[in-house]
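Examination of the molecular architecture
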Amino acid sequence: MNTFFVLYRKELLEMLRNYKWIWVPLVFILLGAMQPVTTYFLPQILAGAGNMPEGAVIEIPTPQGSEVLAQTLQQYNTLGVLIITLSFMAVISGERNSGTAAMILVKPVSYTTFVLSKWSAMLSLTAVAFTAGYAVSLYYTNILIGDVGAGGFWKSLLIYMIWLLFVGTLTVTSSALLRSPGGAAFTALGATAVLAIATSLFPKAMAWSPGKLTGLAAQSMQTGLWDEKTWMVVLLSFVIVALMIMISVLALRSKPSLDN
Amino acid sequence: MALVQVEQLTKTFGSTRAVDGISFAIGQGRCAALLGPNGAGKTTTIRMLTGLLTPTSGKIQFQELRPGADIRSVIGYLPQIPSFYGWMSGHEFLTLAGRLHGLRGKAAVKRSDELLERVGIAGAGRRKIAGYSGGMKQRLGLAQALVQRPKLLALDEPVSALDPVGRREVLELLRELKHETTVLFSTHVLHDAEELCDDVLIVRDGKIALQGAIGDIRAQHQKPVLLLQTEADEVSKRWLAEWNLRERPYIVDKESAEDRLRLVVSDIDTARSELLEELSRSQVKVRRLEIGHTSLEDLFMKVVTG
């Protein structure tokens, strides 16, 4: 346990030194703030865009606060996921390629601890960045659009966090399996996209797929619902995450460095 | 008493046998050199000792290791090209290494200070490792291998990548360290092994070609050598050509050119007196006559190429 915290602290420090602690939350906060702000100013933006005949009246129904937050989640679906995969694409392969993994793994450190420390650091950064961004989105929505129920907010936050955890773990595993960071990012993004498409194509067969998490998060934002189906999806996601961590540990154990 | 006992250690990668049934023992407090040309299996052997590679077959036994304890906790390992986190300072890396070995807070910091002092880079301890030179990284690598006072210090080509000055400094450091712990280091330079070590293990194509204490090997394999060089005038050349024609029982190995002769002999006294007598009788103009011994270098070359 002690070695876990030592390595976990090292990971956090590394992310501080290479400014990940600044730019990842910043991107999430910007994306989160942009959605309510652009929604609010949309009529003015359109009016200012020109090309409108003199005297045209633009009337756009102001959406509900919960709808705006659901749209924020959609932003995170694309850009947020991209940021997470890009920030962690080299999390294990980078250390293996440079040889630092071998330097650490000749010390009495278990392979599981090594992977878990990196995974936990990934989770910490993702959780903080997403929570901050989503909270900022909530703040502006409350000011500019209208009150949003706290219950829906917390539920959607939690469900969506599990989705990001899933994506992050997928990235960690890809980087344990593949040598090239670009390949790992591509694999993680590709798998995420395939999962999302398959989930929407085969709703029956993929009823419990983690790909459902994004939809469930948006839905619970608007309805505050957390039913049995949600539980199954969450449960299955955790099982897959645990499996992926095991795969990463095995991949690292079979090849802790390049030159063998 | 043997600290490490290795039996029939084998590692295959695909169809190649990098290490092929190596057995050896390293005595407590000894300094052993794993000597061999590039590609002989030195690195693979050391990596199996440190637990980075799983042997295909064979056994590694460590004395003094409590049952169930991690072998990695008693081995300090310096890879051929040590890598560090460039964003850390040397001191931070050593503290990290110490903590991973179970040292707590202050103790780890104190140990890092000691070690930086010990390897002579205390002045650069607070600087980022990214700015270190090759020699400084090697010293830092040595320091991180020493952090838990290892029972066995395994060094993979510790001086190969260094310039002559850095090489000398690291060798000096090793000379001090070998009084404190058991050292195993690999090298392809015989001279380094001869200078530092008690025992040598000469490996070739994944097998042990020769092993033993340096003194014993020298005593067993050392043969008298007789070296003769003439002025290369006509008389001497003719004499040498004639001399070469005759078989002599004491010659083990002979190399000759038109003005010189190098003999490895079994009986140096007979060879010397006979040769001196013939030289003076034929009035050969001798420039140099030397009686010596075969060096370990000769033996090494014979073992790894023969």
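Note on numbering: residues in each chain are counted from 1, in written sequence order. Naming scheme: in the order in which they are written, chains are lettered from A and ligands are numbered from 1. The predicted origin of the model limits local features to residues at a pLDDT of at least 70 and limits the giving and counting of side-chain atom pairs to 80 or more, whereas totals for whole chains, interfaces and linings rest on all residues. Side-chain descriptors were evaluated using all non-hydrogen atoms of the structure, hydrogens and water having been removed beforehand.

Under an unreviewed UniProt entry, the name given to chain B is ABC transporter ATP-binding protein YxlF, and the organism recorded is Paenibacillus abyssi. Under the Sequence similarities (unreviewed entry) heading, UniProt states for chain B: "Belongs to the ABC transporter superfamily." UniProt positions are given in the numbering used here, feature names are shortened, and annotations may be inferred rather than shown by experiment.

In the annotation of an unreviewed UniProt entry, the entry for chain A reads ABC transporter permease, and the organism field reads Paenibacillus abyssi.

Right, let's get into a nonpolar patch on the surface. All names here are of chain A. A cluster of nonpolar residues, Tyr40, Phe41, Leu42, Ile45, Leu46, Met52 and Ile60, forms a patch on the protein surface that exposes about 570 Å² of accessible area. Numbered from the N terminus, helices here are DSSP runs of H or I no shorter than four residues, and strands are runs of E no shorter than two. Within the secondary structure, Leu42 sits in helix H2 (residues 20-48). Given the relative accessible area of 34%, Leu42 is considered partly exposed. Without a salt bridge and with relative accessible area above 30%, a residue can belong to a patch; like charges are then joined within 9 Å and nonpolar side chains (Val, Leu, Ile, Met, Phe, Trp, Tyr) within 5 Å. For every accessible area listed, the method is Shrake-Rupley and the probe measures 1.4 Å; residues are considered covered only by the protein chains on display. A carboxyl oxygen of Asp or Glu within 4 Å of a side-chain nitrogen of Lys or Arg is what we treat as a salt bridge. Classification of residues uses two cut-offs on accessible area relative to the type maximum, computed with a 1.4 Å probe and protein chains only: under 20% is buried, over 50% is exposed, and between them is partly exposed.

Sites flagged by UniProt as "domain: ABC transporter" (unreviewed entry) map to residues 4-230 of chain B. The span residues 4-230 of chain B is 33% helical and 30% strand by assignment, and the distance between its end C-alpha atoms comes to 52 Å.

Taken together, the contact between chain B and chain A spans 28 residues of the former and 27 residues of the latter. For the chain B and chain A pair, buried surface summed over both sides reaches about 2,500 Å², with 63% attributable to carbon and sulfur atoms. Buried area: the sum, over both parts, of the accessible surface (1.4 Å probe) that disappears when the two are put together. The largest contributions to the chain B side of the interface with chain A come from Arg72, Trp87 and Leu100 of chain B, which together make up 30% of the buried area. Put simply, chain B and chain A have one salt bridge between them. Notably, a salt bridge pairs Arg17 of chain A with Glu92 of chain B, separated by 2.7 Å at the nearest N-O pair. The term polar contact refers here to a pair of N or O atoms within 3.5 Å; inside protein, the definition further demands a hydrogen-donor-capable atom paired with an acceptor-capable atom, and it admits residues adjacent in sequence only when both atoms are side-chain atoms. Inspection of the region where chain B meets chain A yields 11 residue pairs in polar contact (both at pLDDT 80 or more). It is helix H2 (residues 90-100) of chain B that provides the largest number of residues to the side of chain B that touches chain A, a total of six residues. Split by residue class, the side of chain B that touches chain A holds 14 nonpolar, seven polar and seven charged. Residues are treated as being in contact if the distance between any of their heavy atoms lies within 4.5 Å. Each residue is assigned to one of three groups, with Ala, Val, Leu, Ile, Met, Phe, Trp, Tyr, Cys and Pro labelled nonpolar, Asp, Glu, Lys and Arg labelled charged, and all others, Gly among them, labelled polar.

For the rest of this paragraph, the subject is the sheet that holds strand S10 (residues 224-230) of chain B. In a beta sheet, neighbouring strands pair by backbone hydrogen bonds and run either parallel or antiparallel. Residue and element names in this part refer to chain B. Spatial ordering of the open sheet is given by S11-S12-S10-S13, a layout of four strands whose pairing is antiparallel. This sheet does not close on itself; its edge strands, each paired only once, are strand S11 (251-256) and strand S13 (286-293). Between one strand axis and the next, the sheet turns through 15° on average, direction left out of account. At least two bridges found by DSSP between two strands is the condition for calling them paired. The pairing of S10 with strand S12 (residues 260-265) spans five bridges and is antiparallel. Looking at the pairing, Leu228 lines up with Leu261 of S12. Here the axes come from fitting lines to C-alpha atoms, over the contacting stretch only for helices, and the angles between their N-to-C directions go from 0 to 180 degrees. Sheet strands touched by helix H9 (residues 268-281): S10, S12 and S13. Its angle to S10, the strand with the most contacts, is close to 15°.

Quick look at the packing of aromatic side chains now. Given two aromatic rings, one states the distance between the centres and the angle between the planes to describe the pair. Each aromatic pair joins two rings of Phe, Tyr and Trp (for Trp, the six-membered one) with centres within 6.5 Å, and gets the label stacked for planes under 30 degrees apart, edge-to-face for over 60, and tilted for any other angle. For the structure shown, the criterion picks out 17 aromatic pairs over all chains. Look at Phe28 of chain A and Tyr76 of chain A: their rings are 5.0 Å apart centre to centre, the planes differ by 40°, and that puts the pair in the tilted class. In this pair, Phe28 of chain A sits in helix H2 while Tyr76 of chain A sits in helix H3 (residues 65-88), placing the two residues 48 residues apart along the sequence. By the burial criterion, Phe28 of chain A is buried, and Tyr76 of chain A matches it. Considering the side-chain rings of Phe84 of chain B and Phe93 of chain B, the 5.0 Å spacing of their centres and the 90° angle between planes classify their relative orientation as edge-to-face. Across the pair, Phe93 of chain B and Phe84 of chain B agree in class, each one buried. Grouping aromatic residues by their ring pairs yields a cluster made of Phe28, Tyr76, Phe130, Tyr134, Phe153, Trp154 and Tyr160 of chain A. Note on criteria: charge over ring means Lys NZ or Arg CZ within 6 Å of the ring centre, with the direction from the centre no more than 35 degrees off the ring normal. Lying over the aromatic face of Trp243 of chain B, Arg248 of chain B brings its terminal NZ or CZ to 3.9 Å of the ring centre.

Residue and element names in this part refer to chain A. Taken from the UniProt record, the annotation "transmembrane region" (unreviewed entry) applies to residues 21-42, 76-94, 115-137, 157-178, 185-203 and 231-252. Helix makes up 95% of residues 157-178 and strand 0%. Its end C-alpha atoms lie 31 Å apart. Across residues 185-203, helical content stands at 89% and strand content at 0%; the span's end C-alpha atoms are separated by 27 Å.

Turning to its location among the elements, Glu14 of chain A is positioned in helix H1 (residues 2-17). A polar contact is formed between the side chain of Glu14 of chain A and the side chain of Trp87 of chain B, at a distance of 3.1 Å. Discounting residues that sit within four places of it in the chain, Glu14 of chain A has contacts with Glu95 of chain A together with Trp87 of chain B.

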